Amino acid sequence: MKFGPIPVDTAEGAVLAHATTAGERRLRKAHRLSADDVSLLKSAGISQVVAAVLAPDDLSEDAAAEKIAESMIHRKVEAKPAATGRVNLHARAAGIFTVDAAMINAINAVDPTITIATLAQHAPVENGQMVATVKIIPFAVASALVDAVARICASGEIFAVNAYQPVRVGVIQTVLPGIKPSVLDKTLRVTEARLARSGGRLTAERRTPHEIGAVAEAAGSLARDNEIVVIFGASAMSDFGDVIPAAIEKAGGTVIRAGMPVDPGNLLVLGALAGKRVIGAPGCARSPKENGFDWVLDRLIAGLDVTAKDIAGMGVGGLLMEIPTRPQPREPLPAPKSESAELKVDIVLLAAGRSSRMGGPNKLLALFDGQPLVRRSAERALGSKASGTVVVTGHQRERVRAALSGLDVTFADNPDFAEGLSSSLKAGIARVAGDAAGAMIVLGDMPGIASADLDRLIDAFRKSEGRSVVRASHEGKRGNPVLLPRSLFAAIAHLEGDTGARHLVEAEGLDVIDVEIGKAASIDVDTPEALEGAGGVLQD
């Protein structure tokens, strides 16, 4: 192929390099010029064009891409029609993508004019998702090069989508004193959601003491009726002879690998029992966020074996994320200090809600002792030891702001307030001062909360050196406000819908300090009756 400026007189059959206008007609880029096109160009006064002239043994870009795609051997993958020198290949099922990297590298080494790109090895894919693309760089390529690539493609399976299989999964959760049933229930919900995305099904659960014998007996029972058994330990594995690996061996199984170079997910255990796979889940598997447990579980559900060598090879790319919610992160975030060496805390006052249960009036504008509730709440925030107060507005934002006129607060507008509590949390946290060590989430509809109550939470937070969640409580029951350390701010950005700080604290398992502040921690005014009982008067 020759490329460059050519006289129009000799351009018939050439491929235009650039879109060209001839009179009232526009010839697109990559258009192959006909005799009529040449006449049109000449009549428009165009004497030369930049084009590609194909040699007799050249294949056009589309023909070359199609020939390469047709020569490929693959499973559960479909090639789309060629266009602009490209053939895209899409998954025909949900599953795990596997690829022969040596074949891909060999193809890409033939000549720079021919390229193929794919998803990463073992990437999870959805049905219909693009998994690979063949692209011919110039407008045409020598047929000998295409033939060389086709021979490589014909040598074996180049890639595949290993479809998820409807495997049955049994779950064991060990129990120690102090572990809450709500944590175990949430773990089940998260696990069911994980399995649903890949076609698996949770068939049974056993809750046992955190003891080798009890776990071994449960594992043996579940392995008879399930392809996979997952064990969630109440205590993380701390030694290769710990409860979960020891229980697998006591049940007659073998431990394939204990520990993995993926973080989060280091403490995973993989074993085999009665021809079935047993996974000792790391603590992070209680969260829906991606971790090493997903990598192993998804491969097994897709029918792929996972060996000790496979796990050992997961280190490159295995550092998934820092976990800011750990009591002791790998890289502890330095707690910002104020000039007085005390940790700064900002208050985020949530005042964006629609008061839907009030039947129309905005409860935040209800009068308490002649003062709007939202102003009362803001003044008490300003009267505390907090360094600053951010007020999140949304519903009737102008009226709420007017009620706060003259107060030294920062406003954070939440136009998405109707989507739920999480949107207000995100809007408020985004406006917290950069040197604040934590943010106290205060609900605008709690008339009993006093400045002294807020100070008690701040004092407890400072005593913990800014590393714990501090939560108001009443007679041992959790309540509000809640003070979140800065290490949680990143996780807040991932909340969705009507999900608040309480869900975040429970999901992430961070150390929690409960501070008794009395009935004020549990009294909000969600209904006209509650508001009236608390001494408020609704306003139209």
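Everything in this summary refers to the structure shown in the same document. (Residues numbered from 1 in each chain as written. Predicted model: local features only at pLDDT ≥ 70, side-chain atom pairs only at ≥ 80, totals over all residues. Heavy atoms only, no water.)

### Examining helix 12 (residues 421-429)
Burial analysis of helix 12 places seven of its nine residues in the buried class, the great majority of the element. Of the residues making up helix 12, those classed as buried are Ser422, Ser423, Ser424, Leu425, Ala427, Gly428 and Ile429. (Buried < 20%, exposed > 50% of the residue type's maximum accessible area, 1.4 Å probe, protein only. Helix = DSSP H or I, 4+ residues; strand = E, 2+ residues; numbered from the N terminus.)

### Topic: the nonpolar core
If you look at the biggest cluster of nonpolar residues, it comprises 34 residues, and the most contacted ones within it are Val374 and Met440. Elements with a contribution of two residues or more to this core: strand 22 (345-351), helix 10 (373-382), helix 11 (397-403), strand 27 (438-443), helix 13 (451-463) and strand 28 (469-474). In terms of residue count, helix 13 provides more of this core than any other element does, five residues in total. Residues within four places of methionine 440 in sequence aside, it is in contact with Val345, Asp346, Ile347, Val348, Leu454, Leu457, Ile458, Pro481, Val482 and Leu483. With 29 residues, the next largest nonpolar core counts Ile68, Met72, Ile107 and Val149 among its residues. (Core = buried A, V, L, I, M, F, W, Y, C linked by side-chain atoms within 4.5 Å. Contact = heavy atoms within 4.5 Å.)

### What to know about the sheet that holds strand 31 (residues 536-537)
Across the sheet, three strands lie side by side as 24-23-31; this open sheet has antiparallel pairing. If you trace the sheet from one side to the other, it starts and ends with strand 24 (371-372) and strand 31, each paired once. Pairing of strand 23 (residues 367-368) with strand 31 involves two bridges; the strand directions are antiparallel. Note on strand 31: the bridge partner recorded for leucine 367 is valine 537. (Pairing = 2+ DSSP bridges.)

### Section: helix 10
Counted residue by residue, helix 10 has seven buried out of ten residues, so it is predominantly covered. For helix 10, the set of buried residues is Leu373, Val374, Arg375, Arg376, Ser377, Ala378 and Ala381. The inward-facing, buried residues of helix 10 contact strand 22, strand 23, strand 24, strand 25 (388-393), helix 11 and helix 13.

### So, the side chain of aspartate 294
Its place among the elements puts aspartate 294 in helix 8 (residues 292-301). The exposure class assigned to aspartate 294 is buried, which follows from its relative accessible area of 4%. With sequence-adjacent residues up to four places away left out, aspartate 294 is seen in contact with Arg194, Arg197 and Lys289.

Take it as geometry only, folks, not as evidence of what the structure does.
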